[in-house]
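In case you want the letters, here they are:
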Amino acid sequence: MIKRVIPLLDLRHIQRSASFPKAASAVVPASGHLLDARQRPLRDLRISVTDRCNFRCAYCMPKEVFDKHYRYLPHSAMLSFEEIVRLAGLFVAHGVGKIRLTGGEPLLRKNIEQLIAQLHQLRQPNGQPLDITLTTNGSLLARKAKALRQAGLSRLTVSLDSLDDAIFRRMNDVDFPVAQVLAGLDAAQAAGFADIKVNMVVKRSTNVADIVPMARHFRGSGMTLRFIEYMDVGATNGWRMDEVLPSAEVLRLIAEAFPLVPLEPSAPGETAQRWGYADAQGNYDPQLGEVGVISSVTQAFCSTCNRARLSTEGQLYLCLFAHQGWDLRSLLRNGSSDEEMSAAIAGIWGQRQDRYSELRAEQMAQGGSGEAASDGTTPPGRKRIEMSYIGG
Ligand code: SAM
Ligand code: SF4
Ligand code: SF4
């Protein structure tokens with residue numbers, strides 16, 4: 001039997017943890033293949049290792065909210081590396097093959113490379129190592145790239161919204177120069193990272209003019225640029241639909257400059273649609289590489305969503321737009337056995353119904369604004385969790 005769940009004392013301003021599903025009280029041996037209530041497997045675990053960041057991107061951690069009075073998690077509330085690795089092992093036994101470390105800014109977490117080295121020791125049920133990746137704003141990458149690679153990090157995603165120094169400084173809102181992020185990308189390539197993705201969030205009023213220069217810069221660089229539609233995550237970024245530039249528009253702008261051909265998805269449940277740069281004959285040229293678009297707003301991909309998210313303090317969320325999580329930290333800290341925690345994870349995933357972006361799309365198709373779309377379960381006055389709390 002699962003032991004009593006202790007509510008988190010330091011819940012992030014929002015909600016109590018959900019009660020564990022009834023199924024969680026039955027022992028469910030890890031089979032390496034868990035399906036949710038919509039028949040979606042659990043494959044991808046995103047772990048937020050800190051809720052802090054040295055940037056203040058307005059679409060994520062606006063300065064007015066995340067100011068000097070903001071109360072970040074105390075160290076004791078955060079999962080330790082040992083706790084993270086123990087939970088990760090249980091998720092892997094249930095079928096997770098990919099782990100993404102995120103935040104906040106994950107490179108601010110002290111000794112992050114030690115966590116990566118420990119995760120690197122885990123094996124999937126078929127004996128294969130994990131695909132471990134990390135999303136960073138790149139500010140500390142020049143210093144850390146080598147150690148990350150040596151620790152066993154296989155891939156890297158770097159967020160970069162503009163090559164224009166003035167626009168980049170304005171978007172990170174802490175006056176951070178773009179040259180240092182570019183130096184970080186160079187260092188990552190020099191350290192041997194072969195699969196580097198660069199993510200650009202596009203806001204209509206801010207960086208549309210940067211789309212083609214970014215495509216030009218990364219075309220043929222060995223790195224893959226991906227454009228992300230500005231999303232209505234959290235409750236603080238003042239999102240409006242008219243700030244979203246649909247991916248179709250992004251592709252149209254790029255294709256005017258560089259011919260593109262569609263590519264197949266590289267993995268089931270992949271969030272990005274892939275397009276390859278074409279040669280003079282109109283065929284995909286791998287030397288020139290590819291671009292991707294992540295159309296979270298205009299083309300929902302919930303039907304294949306195989307991602308779970310673990311917050312810095314050990315709350316499990318089943319959707320980026322969730323308003324409540326499950327308190328796995330209390331299970332860890334009240335002495336639950338691996339079997340009990342494994343059963344809890346199976347029960348939680350087994351009842352998952354989340355499909356927020358699809359519901360938003362349906363609401364918009366019926367003439368709604370897309371703002372505050374709800375799955376009907378958000379109680380009045382409850383806010384959605386912030387992206388900086390559970391990571392992207
Ligand atoms: N600090 C790291 C970084 O920026 O890469 C990792 C955490 S950040 C929350 C993860 C990703 O979420 C970044 O690529 C960021 O651009 C993206 N993101 C944050 N807020 C967003 C929003 N409102 N819409 C779309 N993407 C967003
Ligand atoms: Fe920090 Fe990343 Fe959020 Fe920007 S997107 S504020 S870098 S956590
Ligand atoms: Fe997955 Fe939720 Fe995003 Fe849909 S809205 S793709 S369920 S995280």
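Residues numbered from 1 in each chain as written. Chains lettered and ligands numbered in written order. Predicted model: local features only at pLDDT ≥ 70, side-chain atom pairs only at ≥ 80, totals over all residues. Heavy atoms only, no water.

Visitor: Even after reading the chapter, I still don't get the packing of aromatic side chains, so can you show me in this structure?
Guide: Aromatic ring pairs: the centre-centre distance and the angle between the two ring planes describe each pair. Overall, the coordinates contain six aromatic pairs when judged by the stated rule. Every member of this aromatic cluster is reached through a ring pair, and the members are Phe55, Phe168 and Phe176. Seen from the ring of Phe193, Arg149 lies directly overhead, with NZ or CZ sitting 5.3 Å from the centre. When the ring centre of Phe321 is taken as origin, the NZ or CZ atom of Arg360, which lies over that ring, is 5.3 Å away. (Phe/Tyr/Trp six-rings, centres within 6.5 Å; stacked < 30°, edge-to-face > 60°. Lys NZ or Arg CZ within 6 Å of the ring centre and 35° of its normal.)

Visitor: Where do I start with the site of ligand 1 in this structure?
Guide: As a structural note, the neighbourhood of ligand 1 is formed by 20 residues, with Tyr59, Gly104, Ser159, Met231 and Met387 the closest of them. The contact in question runs from an oxygen atom of ligand 1 to an N or O atom on the backbone of Thr136, over 3.2 Å. Within the side chain of Asn237, a nitrogen or oxygen atom sits 3.4 Å from a nitrogen atom of ligand 1. For ligand 1, the accessible surface in isolation is 540 Å², of which the surrounding protein chains cover 94%. Of the residues belonging to the shell around ligand 1, the class tally is eight nonpolar, 10 polar and two charged. (Near = heavy atom within 4 Å. Polar contact = N/O pair within 3.5 Å; in protein donor to acceptor, adjacent residues only side chain to side chain. Areas by Shrake-Rupley, 256 points an atom, 1.4 Å probe, with all protein chains shown as cover. Nonpolar A, V, L, I, M, F, W, Y, C, P; charged D, E, K, R; others polar.)

Visitor: Would you explain unusual backbone geometry in this entry?
Guide: Most peptide bonds are trans, and most residues other than glycine sit at a negative phi. The phi dihedral of Gln39 falls on the positive side, at around 65°, and the residue is not glycine. Under the relative-accessibility criterion, Gln39 is labelled exposed at 56%. Positive phi, normally seen in glycine, also occurs at Asn111, with a value near 60°. Within the secondary structure, Asn111 sits in the loop between strand 2 (98-102) and helix 2 (112-120). Look at Asn111 and you get partly exposed, because its relative accessible area is 31%. (Buried < 20%, exposed > 50% of the residue type's maximum accessible area, 1.4 Å probe, protein only. Helix = DSSP H or I, 4+ residues; strand = E, 2+ residues; numbered from the N terminus.)

Visitor: For this particular structure, what's the right way to read helix 1 (residues 81-93)?
Guide: Every α-helix winds through 3.6 residues per turn, so residues three or four apart in the chain are directed the same way. Taking 1.5 Å per residue as the helical rise, helix 1 with its 13 residues ought to reach 18 Å, and the 18 Å between its terminal C-alpha atoms agrees with that figure. Turning to helix 1, its buried residues are Phe81, Glu83, Ile84, Val85, Leu87, Ala88, Leu90, Phe91 and Val92. Positive backbone phi, approximately 120°, marks Gly95, located one or two places after helix 1. (Expected span 1.5 Å × (residues − 1).)

Visitor: Would you take a moment to explain the sheet that holds strand 12 (residues 326-327) for this structure?
Guide: Pairing between sheet strands relies on hydrogen bonds along the backbone, with the strands arranged either parallel or antiparallel. What the 12 strands build is an open sheet, ordered 7-8-9-6-5-4-3-2-1-10-11-12; its pairing is mixed. With one partner strand each, in any of the chains shown, strand 7 (260-262) and strand 12 form the two edges of the open sheet. Bridge count for strand 6 (residues 223-229) against strand 9 (residues 290-294) is four bridges, and the pairing is parallel. Looking at the pairing, Ile228 lines up with Ile294 of strand 9. This element, helix 1, spans strand 1 (44-48), strand 2, strand 10 (307-310) and strand 11 (315-317) of the sheet and lies at about 165° to strand 1. (Pairing = 2+ DSSP bridges. Contact = heavy atoms within 4.5 Å. Axes fitted to C-alpha atoms, helices over the stretch in contact; angles between N-to-C directions.)

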